[in-house]
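Chains, contacts and geometry: an overview
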Amino acid sequence: MDAREIRSPELLPEASPVSLQANVESHRRKRLGIYFLESDDRRTALGGGYTSGATPVNIHGKPIPEFTISKTGGWIAAFFIFGNEMAERMAYFGLSVNMVAFMFYVMHRPFESSANAVNNFLGISQASSVLGGFLADAYLGRYWTIAIFTTIYLGGLTGITLCATMNTLMPNQDKCDQIALLLGNCEPAKPWQMLYLYTVLYITGFGAAGIRPCVSSFGADQFDERSRDYKEHLDRFFNFFYLSVTVGAIIAFTAVVYIQMKHGWGSAFGSLAIAMGMSNLVFFLGTPLYRHRLPGGSPLTRVAQVLVAAFRKRNASFQNSEFVGLYELPGQRSAIKGSSKIPHTEDFRCLDKAALRLKEDGVNPSPWRLCTVTQVEEIKILLKLVPIPACTIMLNLILTEYLTLSVQQAYTLNTHMGHLKLPVTCMPVFPGLSIFLLLSLYYSVFVPLSRRITGHPHGASQLQRVGIGLAVSILSVAWAGMFERYRRNYAIEHGYEASFLTPMPDLSAYWLLIQYCLIGIAEVFCIVGLLEFLYEEAPDAMRSIGSAYAAVAGGLGCFAATILNNIIKSVTGDVEKRKPSWLSQNVNTGRFDYFYWLLTVMSVINFCAFLLAARRYQYRAKQVNDIREQASIQPSTKDHVVP
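Residues numbered from 1 in each chain as written. Predicted model: local features only at pLDDT ≥ 70, side-chain atom pairs only at ≥ 80, totals over all residues. Heavy atoms only, no water.

Looking up the chain in an unreviewed UniProt entry gives the name Protein NRT1/ PTR FAMILY 6.1, with the organism given as Sesamum angustifolium.

Here it is, written out as structure tokens:
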């Protein structure tokens with residue numbers, strides 16, 4: 001076996017000799033970051049290695065020649081991808097805002113169970129995004145994952161359209177007016193009708209789960225990492241990407257709602273299916289322009305290999321190893337397809353034992369016994385990323401609550417704008433409009449101002465933007481609590497306590513715009529910063545899974561909203577004593593203000609947790625620079641050869 005103990009060539013410059021009087025324990029602790037055991041003896045892909053994770057390939061997996069690479073990727077390719085995301089978000093928000101009303105008015109389900117069903121649909125569609133990220137990173141690549149799941153998405157939307165147009169798939173609508181609905185006297189949907197609706201609804205969610213983690217990463221793949229302007233292009237890409245999300249949401253909250261009111265449910269859901277079909281066509285038309293990344297094999301297998309190998313060697317000592325240092329392929333080559341080498345870090349040192357070579361590993365060790373440093377560092381990175389998206393679950397919980405609670409509030413308020421009466425279901429459009437305005441002014445106003453304060457070239461770092469978003473969300477939900485207290489007292493004083501579906505003519509719904517605009521600002525700072533953060537910090541061969549973290553946080557926010565609602569209703573309400581809960585269907589007898597203030601307290605605690613996590617997090621680029629600086633003062637290999 002040709003094995004040798006050397007320094008990592010891509011990190012360490014020639015070091016000058018230093019005094020040997022350094023503390024022995026300190027030297028032993030730092031040794032793992034200096035020495036690697038490099039060997040050519042490895043089976044299959046590990047034998048030859050891969051030179052770079054940044055090399056773009058065409059749809060057939062062949063490297064794109066340098067003389068043609070300028071004809072692919074870039075902003076033109078990204079705009080084809082924007083179209084797909086805009087239609088997907090249009091369908092997602094179109095379902096989220098209309099499906100509760102469809103289940104209530106057409107399928108005759110109670111409002112509470114309808115809202116919970118839609119929350120669960122939204123949660124599952126986001127939380128299961130890790131499946132799409134896994135398939136993209138492991139086997140299919142991002143392009144084919146999007147192509148397959150966007151077709152599934154279209155099939156689900158078509159099924160929902162059929163449910164809204166075929167009488168056999170709906171309960172009888174005769175003698176079912178608003179009073180009958182409120183009293184629960186309408187004919188309920190048959191079990192098989194609800195089974196059909198839930199089936200096509202979750203097929204749609206399954207399609208969304210495959211698309212969501214891949215679209216932003218695939219769009220970012222279109223830009224050349226070797227370009228001098230790469231960071232600037234990436235920053236602008238994620239802002240434009242979220243702008244396309246916002247445009248889709250605005251269309252869903254306005255045009256789709258208008259179609260539903262004028263032409264019915266079948267036309268509304270049909271418009272979503274048509275838009276999705278057109279976006280699929282646009283996406284496929286851009287195929288010749290796309291740059292691709294090779295899938296790196298199953299990331300879950302690599303994670304399992306590291307955990308198993310580290311567990312097997314849990315009692316082994318780094319100092320007593322026959323081979324000093326950690327195992328890695330020589331030179332610039334990486335053992336993982338689609339990934340460049342990752343330098344060793346001192347975090348989660350227990351996992352380093354997976355890369356510790358022992359005598360019993362043999363001459364041709366199994367990857368379940370011995371892993372490379374890069375493979376171990378992938379798992380470390382995934383673990384280090386978790387706290388940041390976890391802190392955005394609270395923001396997603398608030399966004400989910402606003403979709404239902406604010407609409408219930410709006411039913412009691414005057415939605416006239418001059419002679420124009422705005423439908424209540426259009427109210428969620430205002431966060432989208434605030435996001436659209438902010439993104440339009442982001443580079444001309446926010447970046448120059450914040451650059452003067454922070455000195456950061458982009459105005460604020462990724463984590464700073466996430467923090468700004470979380471802070472603004474606290475202001476939004478605190479204002480919501482204050483206004484709801486005023487609205488409720490006004491309703492009781494003016495005799496509207498029992499008339500929770502009757503608008504109060506002298507109290508405008510546009511007071512809700514303050515909380516809507518604030519949450520829109522919070523969303524654009526937090527989510528855009530998070531997407532960019534996850535793409536840049538995730539391992540090269542796991543970027544789709546990294547992007548899925550944001551979607552999973554969104555899904556957990558939806559689930560958390562459902563769980564919190566159930567807890568609040570069970571704790572604060574008493575059916576036997578006829579005591580309404582805070583979240584009573586009659587918003588005038590409930591205590592939405594208390595609920596909003598509870599969310600405020602939870603948001604403050606969450607923000608403190610984020611500050612702690614962000615303070616402890618070290619960006620990968622800075623970590624590499626610190627390793628270089630530390631290595632420059634370490635003794636040379638000859639000075640410290642361990643027998």
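1. Quick look at the overall build of the chain
To keep things clear, this is the line we draw: Put simply, DSSP marks the helices as runs of H or I at least four residues long and the strands as runs of E at least two long, and each gets a number from the N terminus on. Two residues form a contact once any of their heavy atoms are found within 4.5 Å. Method for areas: the Shrake-Rupley scheme with a 1.4 Å probe, in which residue coverage is limited to the protein chains shown.
Secondary structure assignment for the chain yields 19 helices and 7 strands. Contacts in the chain between residues far apart in sequence, at least 24 positions, make up 85% of those at least 6 positions apart. About 27,200 Å² of surface is accessible on the chain, with carbon and sulfur atoms providing 63% of the total.

2. Observations regarding the side chain of Ser473
The cut-off we apply is this: The rule is simple: take the accessible area with a 1.4 Å probe, protein chains only, and divide by the maximum for that residue type; under 20% is buried, over 50% is exposed, in between is partly exposed.
Among the structural elements, Ser473 can be located in helix α15 (residues 462-493). Given a relative accessible area of 2%, Ser473 falls into the buried group.

3. Structural notes on the packing of helix α3 (residues 74-105) against helix α4 (residues 111-127)
Think of two packed helices as two axes; the pair is described by the angle between the axes and how far apart they sit. Here is the rule: An axis is simply a line fitted to the C-alpha atoms; with a helix, the fit covers only the stretch in contact. Between two such axes, the angle follows the N-to-C directions and lies from 0 to 180 degrees. Should an angle fall under 35 degrees it is taken as roughly parallel, and over 145 as roughly antiparallel, whereas 65 to 115 is taken as roughly perpendicular and any remaining angle as oblique. The crossing is said to be left-handed when, going from far helix to near helix, the turn is anticlockwise and less than a right angle, and right-handed when the turn is clockwise. Residue polarity is assigned by list, with Asp, Glu, Lys and Arg as charged and Ala, Val, Leu, Ile, Met, Phe, Trp, Tyr, Cys and Pro as nonpolar; anything else, Gly included, falls into the polar class.
Axis separation between α3 and α4 bottoms out at 8 Å; the angle between their running directions is 155°. Here α3 lies roughly antiparallel to α4, going by the angle between them. In this structure, the crossing between α3 and α4 has a hand that is right-handed. Contacts from Tyr92, Leu95, Ser96, Met99, Val100, Met103 and Phe104 in α3 reach Phe111, Ser114, Ala115, Ala117, Val118, Phe121, Leu122, Ser125 and Gln126 in α4. In the contact of α3 with α4, the residues fall into 12 nonpolar, 4 polar and no charged.

4. Focus on helix α8 (residues 230-263)
Convention followed: Given the number of residues in a helix, its expected span is that number minus one, multiplied by 1.5 Å.
Between its terminal C-alpha atoms α8 stretches 47 Å, which fits the 50 Å expected from 34 residues at 1.5 Å a residue. The positive-phi residue at the C-terminal boundary of α8 is Gly264, with phi of around 100°.

5. Description of the nonpolar core
Stated precisely, the cut-off is as follows: Only buried Ala, Val, Leu, Ile, Met, Phe, Trp, Tyr and Cys residues count toward a nonpolar core, and they belong to the same one when joined by side-chain atoms within 4.5 Å.
Counting 145 residues, the largest nonpolar core has Met99, Phe102 and Phe269 as the members making the most contacts within it. Here this core gets 16 residues from one element, more than from any other, and that element is α3. Once residues within four sequence positions are removed from consideration, Phe102 is found in contact with Met107, Cys163, Ala164, Leu197, Trp265 and Phe269. By size, the runner-up hydrophobic cluster in this structure holds 15 residues, among which are Ala310, Ala316, Ala354 and Cys371.

6. Let's talk about the packing of aromatic side chains
So the rule is basically this: Ring geometry is summarised as follows: Phe, Tyr and Trp rings, the Trp one being its six-membered ring, pair when their centres sit within 6.5 Å, and such pairs are stacked at plane angles under 30 degrees, edge-to-face over 60 and tilted between the two. Both a distance and an angle decide whether a charge sits over a ring: NZ of Lys or CZ of Arg must be within 6 Å of the ring centre and within 35 degrees of the ring normal.
Using the criterion set out here, one finds 37 aromatic pairs in the structure. Judged by centre distance (5.5 Å) and plane angle (65°), the ring pair of Phe102 and Trp265 falls under edge-to-face. Of this pair, Phe102 sits in helix α3 while Trp265 sits in helix α9 (residues 265-285), and the two are 163 residues apart along the sequence. An identical accessibility class is assigned to Phe102 and Trp265; each is buried. Ring geometry for Tyr617 and Tyr619: centres 6.0 Å apart, planes at 90°, overall edge-to-face. Grouped by ring-pair contacts, the aromatic residues Trp75, Phe79, Phe82, Phe223, Phe237, Phe238, Phe240, Phe241 and Tyr535 constitute a single cluster. The ring of Tyr92 carries Arg89 above its face, with NZ or CZ at 4.2 Å from the centroid. Over the face of the ring belonging to Tyr594 we find Arg591, whose NZ or CZ atom lies 4.1 Å from the ring centre.

7. Section: the pattern of salt bridges
Inclusion rule: Take a side-chain nitrogen of Lys or Arg and a carboxyl oxygen of Asp or Glu: if they are within 4 Å of each other, that pair is a salt bridge.
Applying the stated criterion to the full structure yields 14 salt bridges. Two residues, Glu88 and Arg212, come together in a salt bridge whose shortest N-O distance is 3.5 Å. With Glu88 in helix α3 and Arg212 in helix α7 (residues 191-220), the pair connects residues that are 124 residues apart, well separated along the chain. Like Arg212, Glu88 is buried. Linked by salt bridges that have partners in common, Glu85, Glu88, Arg89 and Arg212 make up one network.

8. Details of a nonpolar patch on the surface
Let me state the cut-off plainly: Patch construction takes residues with relative accessible area above 30% that form no salt bridge. Like charges are linked within 9 Å, and nonpolar side chains (Val, Leu, Ile, Met, Phe, Trp, Tyr) are linked within 5 Å.
On the surface, Tyr139, Leu140, Trp144 and Ile148 cluster together into a nonpolar patch covering about 400 Å² of accessible area. With respect to the secondary-structure elements, Leu140 resides in helix α5 (residues 129-165). By relative accessible area, which is 32% here, Leu140 ends up partly exposed.

9. Observations regarding the environment of Leu201
Relative to the helices and strands, Leu201 is located in helix α7. Along the primary structure Leu201 and Met99 are separated by 102 residues, whereas in three dimensions their C-alpha atoms are 9.5 Å apart. With near-sequence residues (within four places) excluded, Leu201 lies in contact with Met99, Met103, Phe121 and Ile160.

10. What about helix α13 (residues 393-410)?
Every α-helical turn comprises 3.6 residues, leaving residues that sit three or four positions apart pointing alike. We apply this condition: Bend is computed residue by residue as the angle between axes fitted to the seven residues ending at the residue and the seven residues starting at it.
Counted at 1.5 Å a residue, the expected span for α13 with its 18 residues is 26 Å, and the 25 Å between its end C-alpha atoms agrees. Remark: the principal bend of α13, roughly 40°, maps to Tyr402.

11. Notes on the packing of α5 against α7
α7 packs onto α5 with a crossing angle of 145° between their chain directions and a minimal axis gap of 6 Å. Handedness of the α5/α7 crossing: left-handed. When its residues are assigned to classes, the contact of α5 with α7 shows 24 nonpolar, 11 polar and 2 charged.

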